[in-house]
Amino acid sequence: MPLTLSHIDLSDHDAFVDAVPHEAFATLRHEDPVHWNPEPDGPGFWAVTRYKDIHAVHRDVETFSSEIGGTSLEDIKPEHLEARKSMIDMDPPRHTELRAMVNARFRAKAVGEWEDQVRMVTRQVLDRALPLGEFDFVREIASEVPMQIFAEILGVPQEERRVIIEIGDRLLGSADPEYAVPDDDAHGHLPFSSPAALEMFEFGRRLAAERRAHPKDDIITQLAFEPSLTQDQYDTYFVLLATAGNETTRHTLTHGLLALLEFPDQLEQLRDADASQRRWAAEEMLRWATPVHHFRRTAAQDTELNGVQIKAGDKVTTWFTSGNRDETAFDEPDRFDISRSPNRHMAFGPGGIHFCLGAHLAKLEIRVVFEELLARVNTFELTGPPERLRSNFFNGIKRLPVRVAA
């Protein structure tokens, strides 16, 4: 039976459990690229699914605001929104000021200086994981490398890095039964409406107190001594950095391995690739994975997008997952191609002021992990199906059982 617009509901987390609903997104791109999606418990939202329209929304911050309603699909009370706002939920000038505090640490040149450290960490992680033969790729490799690196940059003791991962899983996976908490209003003022945010706040505050007593060259020290930050702003800044520094790269590494197994010709091509080709491979993994499905904006004024009238106050969601499979932007978008060049994907957003701070670091980690992994492993085999996160926000894989052989 052909999929019709009436059967598509992007607010339904269950629609993303078995796989990304690429057929639904293709239908939307072709038939209704600025689509009104009703919500069972909300006012509904516009779903923007074409590459050029997503680009237009993110480049027009005066019309499409991050601050009015935040960036989460759920509707949040104004007083709760103000309490839980992080940098990504702000428009200029507040966003600009907060981003500038750490921006220099994530520029390409600064990140490039971490390559030797990333390679050393990756080798140590593989030294421990590969002799197991059979293991969960997410736990042993995909979550470990980015968190170990980001723990150093952020200032989290290595022996506590798994605490960040565990709290982050519960915080960001609140729509998944494994991490769900009772749906009530008691936690509406917290990031992702999750009580796990309180644990992350406490963790970050303890580290800030330690840095005030014993400063180091890390982000926590920098933020702990920043006089313009309120306690609430520090708390939400710490949550944003601690989770974003691990989650998106973790999921891209996992989806990247799955893509190589689905397209074995690309696996062999990557084994023989030169340095520039390996960089393009990392970009293609990001396009293919698109670890964050969407972000929300709110129309600050009446406007028009692709011939559709949008009223002030309407929710507007931009679906990067769809934009990265747009046939007008990518040749053969449903084919995984590590030599795809140029590859102007929007896994980190389509540019503009909210382009992901950690983009350069993520690309470096993805490239190095697969360089080191393929140099030491000849065969990969799934020993069970991927266990996907129930979420229409993160394209997450919770567990990926694999068998490897040298």
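Along each chain, residues carry numbers from 1 onward, in the same order as the chain's sequence is written. Reporting of local features is limited, given that this is a predicted model, to residues whose pLDDT is at least 70; pairs of side-chain atoms are given and counted only at 80 or more, and all residues count toward the totals for whole chains, interfaces and linings. Calculated side-chain values reflect all of the structure's heavy atoms, with hydrogen atoms and water omitted.

Asks: Hey, could you run me through the overall build of the protein in this one?
Replies: When helices and strands are tallied, the protein shows 16 helices and 12 strands. With C-alpha atoms as the basis for the radius of gyration, the globule rule is written as 2.2 Å multiplied by the number of residues raised to the power 0.38. Here the C-alpha radius of gyration of the protein, 21 Å, is about what a compact globule of 406 residues would show, namely 22 Å. Expressed along its principal axes, the backbone C-alpha trace of the protein runs to roughly 60 × 60 × 40 Å. Counting all 406 residues of the protein, 56% fall into the buried class. Residue contacts are defined here by distance: any two heavy atoms, one from each residue, within 4.5 Å place the two residues in contact. When contacts within the protein are restricted to residue pairs at least 6 apart in sequence, long-range pairs at least 24 apart make up 71% of them. Residue-level accessible areas treat just the shown protein chains as cover; the underlying method is Shrake-Rupley with a 1.4 Å probe. Carbon and sulfur atoms provide 52% of the accessible area of the protein, an area that totals close to 17200 Å². By the criteria applied, helices consist of DSSP H or I runs no shorter than four residues and strands consist of E runs no shorter than two, each listed in order from the N terminus. Exposure is judged per residue with a 1.4 Å probe applied to protein chains only, and the accessible area is read against the type maximum: over 50% gives exposed, under 20% gives buried, and values in between give partly exposed.

Asks: Hey, could you run me through helix 12 (residues 231-262) in this one?
Replies: Because an α-helix packs 3.6 residues into every turn, residues spaced three or four apart end up facing the same way. Its 32 residues place the ends of helix 12 47 Å apart at the C-alpha level, agreeing with the 46 Å of an ideal helix rising 1.5 Å per residue. One fitted axis covers the seven residues ending at a residue, a second covers the seven starting there, and the bend at that residue is the angle between these axes. Within helix 12, the axis deviates most sharply at Ala 244, by approximately 30°. Most of helix 12 is tucked away, with 26 of its 32 residues classed as buried. By definition here, a helix of n residues has an expected span of 1.5 Å times n minus one.

Asks: In this structure, what is going on with unusual backbone geometry? I would like to understand it.
Replies: The linkage connecting Pro 92 with the following residue, Pro 93, adopts the cis geometry, with an omega of 5°. If you trace the backbone, Pro 93 turns up in the loop between helix 3 (78-84) and helix 4 (94-100). Following Ser 341, the chain continues into Pro 342 via a peptide bond in cis, with omega recorded as 0°. Positioned with a positive phi, Thr 290 is a non-glycine residue whose angle comes to about 40°. By the element assignment, Thr 290 lies in the loop between helix 14 (275-289) and strand 5 (294-299). Located in the positive-phi region is Asn 306, a residue other than glycine, with phi close to 50°. Mapped onto the secondary structure, Asn 306 falls in the loop between strand 6 (303-305) and strand 7 (308-310).

Asks: How do you make sense of the packing of aromatic side chains when you look at a structure like this?
Replies: Any Phe, Tyr or Trp ring, taking Trp's six-membered ring, that has another such ring centre within 6.5 Å forms a pair; planes under 30 degrees apart are called stacked, those over 60 apart edge-to-face, and the others tilted. Per the stated rule, a full pass over the model turns up 15 aromatic pairs. Residues Tyr 234 and Phe 238 carry aromatic rings whose centres are separated by 6.3 Å and whose planes lie at 20° to one another, so their mutual orientation is stacked. Note that Tyr 234 and Phe 238 are positioned in helix 12 at a spacing of four residues, about one turn of the helix. For Tyr 234, a relative accessible area of 4% gives the class buried. Consider the rings of Phe 295 and Phe 320, whose centres lie 6.1 Å apart with planes at 55°: the pair is tilted. Taken together, the residues span a long stretch of sequence, with Phe 295 in strand 5 and Phe 320 in helix 15 (residues 320-323) at a distance of 25 residues. Like Phe 320, Phe 295 is buried. An aromatic cluster of three or more residues is present, and its members are Phe 295, Phe 320, Phe 393 and Phe 394.

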